[in-house]
Every structure is written in C-alpha cells, then in structure tokens.
Amino acid sequence: MAENTADFLLARLREWDIHRLYGYPGDGINAILGAFNRAGSDPELIQVRHEEMAAFMACAHAKFTGEVGVCMATSGPGAIHLLNGLYDAKLDHQPVVAIVGQTARPALGGSYQQEVDLTTLFKDVAHEYVEMASSPEQMRHLVDRAVRIARDQRTVTCLIIPNDVAEMPAVETPPRAHGTIHSSLGYSPPTIVPAQADLRKAAEALNAGKKVAMLVGAGALDAANEVIEIAELLGAGVAKALLGKAVLPDDLPFVTGSIGLLGTKPSWDLMMDCDTLLMVGSSFPYSEFLPEEGQARGVQIDIDGRMIGIRYPMEVQLVGDSKATLRALIPLLERKEDRSWREQIEKNTEKWWELMEERALESADPINPQRLFFELSKRLPDNAILSSDSGSSANWFARDVKIRKGMMASLSGNLATMGPGVPYAIAAKFAHPDRVAIAMVGDGAMQMNGLAELITIGKYWHRWFDPRLVVLVLHNDDLNQVTWEQRAMEGDPRYDASQDIPDFPYARYAELIGLKGIRVDHPDEIGTAWDDALAADRPCVLEAITDPAVPPLPPHITFEQATHFAQSILRGDSDRRSMVTQSLKQMVGELIPSRH
Ligand SMILES: Cc1ncc(C[n+]2csc(CCOP(=O)(O)OP(=O)(O)O)c2C)c(N)n1
Ligand SMILES: [Mg+2]
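Residues numbered from 1 in each chain as written. Chains lettered and ligands numbered in written order. Predicted model: local features only at pLDDT ≥ 70, side-chain atom pairs only at ≥ 80, totals over all residues. Heavy atoms only, no water.

## A few points about the packing of helix H3 (residues 51-65) against helix H15 (residues 421-431)
- Contact geometry for H3 and H15: axes closest at 8 Å, N-to-C directions at 50°. When the axis of H3 is compared with that of H15, the two are oblique. Regarding H3 and H15, the two cross each other, and that crossing is right-handed. Note on element contacts: H15 touches H3 through Pro423, Tyr424, Ile426, Ala427, Ala428 and Ala431, opposite Met53, Phe56, Met57, Cys59, Ala60, His61, Lys63, Phe64 and Thr65.
- A per-class count over the contact of H3 with H15 returns twelve nonpolar, two polar and one charged. (Axes fitted to C-alpha atoms, helices over the stretch in contact; angles between N-to-C directions. Helix = DSSP H or I, 4+ residues; strand = E, 2+ residues; numbered from the N terminus. Parallel < 35°, antiparallel > 145°, perpendicular 65-115°, else oblique. Left-handed = near helix turned anticlockwise from the far one by under 90°. Contact = heavy atoms within 4.5 Å. Nonpolar A, V, L, I, M, F, W, Y, C, P; charged D, E, K, R; others polar.)

Structure below.
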C-alpha cells in the first residue's frame, strides 16, 4: 500500500512500466521527491542541469524506445523551463508526460511566491490532456489518462500536482460513489489498415506510374522491409525526410538520401522527374522540393488523418499504420518490367556519393566539416545511436552520414530547436547502455546548453555498461547555419554582432570534468581522432576546429539564392574572401564531370 499520494503516483507509473524520469527538484515537488527516496531506484530520477534538458531527454527516450518518456519539474520556474523541450516532443509526435508541482491549494489564487497559472501555461503544448490534481482520489485516473492519451495521440500530456495534495494519504481505489472515476491500466495500439477499396485505388495509381518516387519519414521507421519490397516492385527510388533517416540504410543503391534544404541532388532529381509520388509517414514541409502540382499522381499513407493531404494534393489518402498498410498493398502491386527509371536513380545516387567524397576531401581552413562526417561514416560502430543539433551539423548529418541497418538517429525535426544534441545522446545511453551514442553539435549549441549537460554525463557515465558517448563539437566560432541563411535568403552580409561567438576550449573543459577530450585542427588527424574517441574508456568530446566558410549548400542553387549570395559579398561580408573560395571549391565537383 502506498503511503501518500506521491508514493501512489510513483507506484502507478511503475505499473505503467515507467521506470525512469528525468527532472530537477524544487519545493513544489518535495513530496514527490520524498516518495522517490522511499521508492529506491524504481522509478529512478535522473537529475539534469536544466529542466528543458529533462524534456529533451524524455522526448529522446520516446524516440529511441517507442515508450512514453516522462519528465518532472517544480512549480513556477521549473515548469516554465520544460516548455521548449516539450514542444520538441509535441511537434515530432512523441508521447511524453510532464509532471509539474504547484503551489499548495490553500495559497492558490493568492499571488503566492512561484504561483503561475500552469493549466493555462501548458494548455497549448499539452492540449490533449492537462489536469491539476485537487484531491488524492484523482491520482489513479490522472496517471492512467496522462500516459494513455500521450501514447494514443502520440503527444505531450501534463499533470499538475500541488505539493499539499502529494502529501495527503493515498487513495488507491476511489469509493464506489457518485462523482468518482474508476480507471484501469494498459494500452495496446490498434493496427489500422485502410479500406480495401482505397488500397485498390492506391495500387491502381502506383501500377499506372512509370516513374515512382517514394518519400519516407519517421512514421515508416518500423516498416523498412515493406518499404524495400515496394520500392523493388515499383522500381522506385526512396528519399528520406530528416526524421526518417534511419528508415533505410544508405548503402542501398536506390536510397537517394535526405530531401530538402539539407537534402541531396538525387532526391531532388527523383522528385522533379517522377510521375507518381508515394509518401509514407512523413510531413516533410517544403513544397518546392516535392513535385509540382499536377506533375505526379500522389498516394499518401499516414496514421494521423490530420496530417493527410496537406503537403501535396494527394489522389489517394490512406489513413493507417505504415507497416500494415504497405503489407496490404504489396499483393495488389505489379512488378514494373521497365527498370530504366530505377537504373537512372541508382546512377544519380552513385554519382552523388562520389561528389560527397570529393567535397569532403576538399581542403579548408583548417578543417572542412564534411570530412569529419565522411570519416565518421566509415567508422560508425554497429547499432550506434546518432543525434544532431540544429545548425550546420544538421546539414552534414543529413547528407554525409552513411547510416547502416540497426542504427538509430534523430534530431529536433519539426521544432528545429538548438540544444537537443547532447541531451538526446544522454537519453540514448540510459535507454541502451550497451550501444555507442554520438552527438553532433555546433559550438553555439554547446554554449547554449551542451557544456552544462556534459556535467550530467560526468555524473552518470560510470553506470553505463559501455561508457562510449562521443560529442563531436564543430568549433567554428560562428552561428554558421544562420550566417549562411543571412547570405543566401536575405542577401545580407554576415552580421558579426549576432554571429560571432566566444572562443572556448571544449576538449580541455571535458578533461577538466573527468571526460576524455580530443582537439583536432588538421584534416590528417581526423581519422585517428575518431578512432581514439570511439575506443575511449569513457565519454569523449571531440572538438574539431572547422572552417565557417564551407557553405552548407542546398542540393541545387536557385537563381535567387545565387543573386543573394553575390549581394552579400558586394555588401561587404567580413568573411568574403574565404567564403568565395570555399563555395567555388564545393561547387566545382558539380560543374566538372566526376573524375571517377
Ligand atoms: C533555440 C534556438 N535559437 C535559435 C535558433 C536559430 N538557429 C538555428 S541554427 C543556429 C546556429 C547554430 O550555431 P552552432 O550551434 O554554432 O552551429 P553551426 O551552425 O555554427 O555549426 C541558430 C542560431 C534555433 N533554431 N533554436
Ligand atoms: Mg558554430
């Protein structure tokens, strides 16, 4: 029997198979912390440096396990700190429960210290379910509903628990009386398959096409075999949205890699030339990278009816599980005998990887960032879990990292917030302590929060069966992604006041707190640096001094972008000389036929 309501809260979470929460203390949740103390280590509380990190970790837990992630913070400031990480989870459709404290009930409404209207604050991010406990009888159904709704809706839910309610004696079973709720544990997701008539319509469109393009996203992560089988039948190429990077390995010849601004040329060609588009589990947003309206017949599969038919006018819209729906489609599809489209895609893709290698091996001052990702690809340990931050690293992660079967990879896809790189890797280690985690992070993101979270790594790494967690830091003293956006989108020169960031010794700092630190400033050292980082007996910060003048080029350059680029030079960009040299070097490979 649980002692008080806080003990019962933890007991109920345990019954839901939740054994780890990420959080930070405060007097709004002291009763819950007391219950943690009594609970031993089940559930365990992982203490972060900032509540936003706890929310990122809960989100990453969901992404890397498929389970519900849980984070916890105190009332007022702690609760407010969670928000950005919770939006990351909400926008990427991850089930996360946030548990926050609140001022004791007798003081509510009294402008009491740290009193914030939390129901209103969380009403947007947790709009599917945000509730405050005002009596112990509610605790059972509040937990049951918060967890179940998070899973069923793949979203964020929130429980607000005033500290005095948490201290009250538990009521595990509410009295059978008018005005009480009698809830239960458990949730099994249904398998949703569209109606046969709709599947037949989809098959008719796909069978009629001569040039089929597939685009897969995070919704297809457990449907790799089906995606491959259908791509084989249809002679299709497959492009991957950023969150779907791990759907298919990059060593398959018909996988054209990522799509969009961070995407590849063969993905661009695939979309521009196709006559049929099959989109599976993706809400990839940029229409200019999809076929023109009317160019292709569209078939879309998504588990969420709200996400159907909003990116491209789709002829057949199938609401269903990607795996089950693709499985049901397979018997209706005819194998395309003419393989010339497929052969063209494979040729384009092969050429692209050659170009990637050429670009990566171009010299820079001192290190060309692409070289780091190119060298990493060759050395990626089996089953590695990769995370990227938002910044130029996301470009190289998307384009240059050759992912293999069995790996996982994620980033903040839809919110595209800075900051998740390191916390995602930490959550990966807690969820899979026997796998290597690798975070790819800019120096701006390290200074924003990554450096502080290295302290969390320092606190916990001894617990991990395999202690290897590598944080690659792109040290370019620049907020580079935005610097290039200022040039290419606005035609503005680099605005030094907003873009320069302070120099900092990332590797030395890692050593100072007991981690391994490696600093590289010469391209010839990169291979050995990765070997050492991946062979280390503890987490490692691999700090690479990279050249901010290497452009994260989109897969094709529009006339408008080229004009803006020229304008930014004419308007006196502080880095214009090296930026022009590097841009030319990077584009040469595309203009001159491959040397291979
Ligand atoms: C919280 C947040 N603030 C600002 C941005 C806008 N932003 C996107 S990338 C970026 C620069 C990141 O710089 P850094 O981490 O140094 O990576 P780099 O691009 O230099 O490799 C900025 C400011 C954002 N996405 N999220
Ligand atoms: Mg930077």
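## Focus on the site of ligand 1
- Around ligand 1 sit 16 residues in total, of which Ser392, Asp443, Gly444, Asp478 and Asn480 are the nearest.
- Asn476 is positioned such that a nitrogen or oxygen atom in its side chain is 3.1 Å from an oxygen atom of ligand 1.
- When ligand 1 is considered free in solution it has 590 Å² of accessible area, and contact with the protein chains removes 77% of it.
- Here the shell around ligand 1 is built from residues that sort into five nonpolar, nine polar and two charged. (Near = heavy atom within 4 Å. Polar contact = N/O pair within 3.5 Å; in protein donor to acceptor, adjacent residues only side chain to side chain. Areas by Shrake-Rupley, 256 points an atom, 1.4 Å probe, with all protein chains shown as cover.)

## Observations regarding the pairing of strand S17 (residues 516-520)
- As paired strands, S17 and strand S18 (residues 540-545) are joined by five bridges and run parallel to one another. In the sheet register, Val520 faces S18, and the bridge partner there is Ala544.
- At this point the chain moves from S17, through helix H20 (residues 526-535), to the parallel S18, and the crossover so formed is right-handed. (Pairing = 2+ DSSP bridges. Right-handed = clockwise from strand over helix to strand, strands pointing away.)

## Some remarks on empty space enclosed by the protein
- Under the defined criterion, the tally for this structure stands at two cavities of 30 Å³ or more.
- When its volume is computed, the largest cavity comes out at roughly 40 Å³.
- Lining the largest cavity, in full, are Lys240, Ala241, Leu242, Lys245, Asp250, Gly257, Ser258, Trp353, Ala398 and Arg399.
- If you list the elements that add at least two residues to the lining of the largest cavity, you get strand S9 (255-258) and helix H14 (392-400). (1 Å grid on protein atoms, 1.4 Å probe; cavity = no way out; pocket = protein on both sides within 12 Å on 5 of 7 lines; lining within 4 Å. Points joined across faces, edges and corners; volume = space filled by probe spheres on them.)

## Brief notes about the sheet that holds strand S11 (residues 297-302)
- Read from one edge of the open sheet, six strands run S9-S8-S7-S10-S11-S12, paired in parallel fashion. Since the sheet does not close on itself, it has two edges, and those belong to S9 and strand S12 (316-319), each with one partner. Taken pair by pair, the neighbouring strands of this sheet meet at an average axis angle of 15°, ignoring direction.
- Pairing between strand S10 (residues 276-280) and S11: five bridges, direction parallel. Looking at the pairing, Val280 lines up with Ile301 of S11.

## A word on the packing of aromatic side chains
- Under the counting rule described, the total for this entry stands at ten aromatic pairs.
- Ring centres of Phe56 and Tyr424 lie 6.4 Å apart, and the angle between their planes is 75°; this geometry places the pair in the edge-to-face category. With Phe56 in helix H3 and Tyr424 in helix H15, this residue pair connects regions lying 368 residues apart in the sequence. In this pair, the class of Phe56 matches that of Tyr424, namely buried.
- An angle of 75° between the planes, with centres 5.3 Å apart, marks the rings of Phe430 and Tyr460 as edge-to-face. With a gap of 30 residues between them, Phe430 in helix H15 and Tyr460 in helix H16 (residues 443-460) connect regions that are remote in the sequence.
- Take Tyr460: its relative accessible area is 3%, and that puts it in the buried class.
- Site record: aromatic cluster; members linked through ring pairs are Tyr22, Phe430, Tyr460 and Trp464.
- Over the ring of Phe397 we find Lys245, and its NZ or CZ is 5.5 Å from the ring centre.
- In this arrangement the basic side chain of Lys402 is found over the ring face of Trp353, its NZ or CZ atom lying 4.5 Å from the centre. (Phe/Tyr/Trp six-rings, centres within 6.5 Å; stacked < 30°, edge-to-face > 60°. Buried < 20%, exposed > 50% of the residue type's maximum accessible area, 1.4 Å probe, protein only. Lys NZ or Arg CZ within 6 Å of the ring centre and 35° of its normal.)

## Things to note about unusual backbone geometry
- Cis geometry marks the peptide bond from Asp42 to Pro43; its omega dihedral reads 0°.
- Phi is positive for Asp17, close to 70°, though the residue is something other than glycine.
- Along the chain, Asp17 falls in the loop between helix H1 (5-15) and strand S1 (20-23).
- Given the relative accessible area of 55%, Asp17 is considered exposed.
- Located in the positive-phi region is Ser111, a residue other than glycine, with phi close to 45°.
- Positionally, Ser111 belongs in the loop between strand S4 (96-102) and helix H5 (118-121).
- Look at Ser111 and you get exposed, because its relative accessible area is 74%.

## With respect to the pairing of strand S6 (residues 156-162)
- Most of S6 is tucked away: seven of the seven residues are buried.
- Burial along S6 is two-sided: Val156, Cys158, Ile160 and Pro162 facing one way and Thr157, Leu159 and Ile161 facing the other are all buried.
- With seven bridges joining them, S4 and S6 adopt parallel strand pairing. Bridge assignment links Gly101 to a residue of S6, and that residue is Ile161.
- You can see the chain leave strand S5 (residues 130-132), run along helix H6 (residues 139-153) and come back into S6, and the turn it takes is right-handed.

## Re the confidence of the model for the protein chain
- Summarising the model, the protein chain shows a mean pLDDT of 95, and 98% of its residues fall at 70 or more.
- Predicted confidence is poor over residues 591-596, with pLDDT under 50, and the contacts of this stretch with residues over four places away or in other chains come to five contacts. (pLDDT = per-residue confidence, 0-100.)

## So, the sheet that holds S5
- Here we have six strands laid out as an open sheet, ordered S2-S1-S3-S4-S6-S5, and parallel in their pairing. Every interior strand has two partners, whereas the edge strands, strand S2 (44-47) and S5, have only one. Ignoring strand direction, the axes of neighbouring strands in this sheet form an average angle of 25°.
- In terms of strand pairing, strand S3 (residues 69-73) meets S4 through five bridges, oriented parallel. The residue of S4 that forms the bridge with Met72 is Ile99.

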